[in-house]
Amino acid sequence: MAAARARSEERRAEIVRAALEVIAERGYRGASLGAVAERVGLTQQGLLHYFPTKEALLVAVLEERDQWDTGGSGAREGWRLDLLDSLVEYNAMRPGIVQTFSALLGESVTEGHPAREFFTRRYAQVRAEMGAVLRAEYGDRLPGGLTPEQAAPLMTAVMDGLQYQWLLDPDAVDMPAAFRDFLRLLGAR
């Protein structure tokens, strides 16, 4: 039983990786379950055994991406500014993942998109985590006078905004260097 469960989990992981590739190539709306199934050597019906809907597969892709970013913990508790800097460096080494995430984020703002709830929940969590990181670094006020809670959405916007600029023109935007510049603006030690 344990061996069968392990094989099933391994197959699910393979499907998620393939879905990530297909979404990166075609976007969520252009990606089909058939294309993902073909990539892993399954029929579409066989893929539905693991993920009953395209939406379920999408959420699994997004959750997997977050697991990579948090080292498997799913949370950024205990993070520091230098670890965020490392995350930006790490993202610069994996443009396909960043592109997929950014494309899905952009698509998710439309009404009824299956990832909308995921991103809404994720951003609430990320803002809270960024606030905690900033509070740990600066206390109740940053050098410019903002509270950590006021600065948290700005930090999140900078990180995601840099990803879009970098994806569009990687030769013109050095994402890790620009993020370090932003940290200097905050007055990071």
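Relevant structure appears above.
Basis of the calculations
Residues numbered from 1 in each chain as written. Predicted model: local features only at pLDDT ≥ 70, side-chain atom pairs only at ≥ 80, totals over all residues. Heavy atoms only, no water. Core = buried A, V, L, I, M, F, W, Y, C linked by side-chain atoms within 4.5 Å. Buried < 20%, exposed > 50% of the residue type's maximum accessible area, 1.4 Å probe, protein only. Helix = DSSP H or I, 4+ residues; strand = E, 2+ residues; numbered from the N terminus. Contact = heavy atoms within 4.5 Å. 1 Å grid on protein atoms, 1.4 Å probe; cavity = no way out; pocket = protein on both sides within 12 Å on 5 of 7 lines; lining within 4 Å. Points joined across faces, edges and corners; volume = space filled by probe spheres on them. Nonpolar A, V, L, I, M, F, W, Y, C, P; charged D, E, K, R; others polar. Axes fitted to C-alpha atoms, helices over the stretch in contact; angles between N-to-C directions. Parallel < 35°, antiparallel > 145°, perpendicular 65-115°, else oblique. Salt bridge = Lys/Arg side-chain N within 4 Å of Asp/Glu carboxyl O.

## A look at the nonpolar core
- By size, the foremost hydrophobic cluster in this structure holds 30 residues, and its most contacted members are Ile 15, Val 36, Leu 57 and Phe 119.
- With eight residues, helix α1 (residues 2-30) is the largest single contributor of residues to this core.
- Not counting the four nearest positions on each side in its chain, Phe 119 is found in contact with Leu 62, Phe 101, Leu 104, Leu 105 and Ser 108.
- Judged by nonpolar contacts, the second largest core, of 24 residues, contains Leu 84, Leu 87, Val 126 and Phe 182.

## Regarding the environment of Leu 20
- In this fold, Leu 20 is placed in helix α1.
- Sequence separation of Leu 20 and Glu 10 is 10 residues, and the distance between their C-alpha atoms is 15 Å.

## Concerning empty space enclosed by the protein
- For the structure shown, the criterion picks out two cavities of 30 Å³ or more.
- Reported here for the second largest cavity is a volume of approximately 60 Å³.
- Sorting the residues of the lining of the second largest cavity by element identifies α1, α2 (33-39) and α4 (54-69) as the ones contributing at least two each.
- When its residues are assigned to classes, the lining of the second largest cavity shows eight nonpolar, one polar and one charged.

## A few points about the packing of helix α6 (residues 95-108) against helix α7 (residues 116-138)
- For the pair α6 and α7, the least separation of the axes is 9 Å and the interaxial angle reads 105°. Compared by their axis directions, α6 and α7 come out roughly perpendicular. Touching Phe 101, Leu 104, Leu 105 and Ser 108 of α6 are Arg 116, Phe 119, Arg 122 and Tyr 123, all from α7.
- Of the residues that constitute the contact of α6 with α7, the class distribution is five nonpolar, one polar and two charged.

## So, the pattern of salt bridges
- Under the counting rule described, the total for this entry stands at 10 salt bridges.
- Residue Glu 89 pairs with Arg 180 through a salt bridge whose shortest N-O separation is 2.7 Å. Remark: Arg 180 occurs in helix α9 (residues 175-186) and Glu 89 occurs in helix α5 (residues 81-92); sequence separation between them is 91 residues.
- The class of Arg 180 is partly exposed, set by a relative accessible area of 30%.
- Measuring nitrogen to oxygen at the nearest pair gives 2.1 Å for the salt bridge that ties Asp 181 to Arg 184. Taken as a pair, Asp 181 and Arg 184 lie in helix α9 at a separation of three residues, close to a single helical turn.
- Judged by its relative accessible area of 39%, Asp 181 is partly exposed.
- Here Arg 184 falls in the exposed class, since its relative accessible area comes to 57%.
- One salt-bridge network, in which partners are shared between bridges, spans Glu 21, Glu 25 and Arg 39.

These results come straight from atomic positions and should not be treated as a statement about function.
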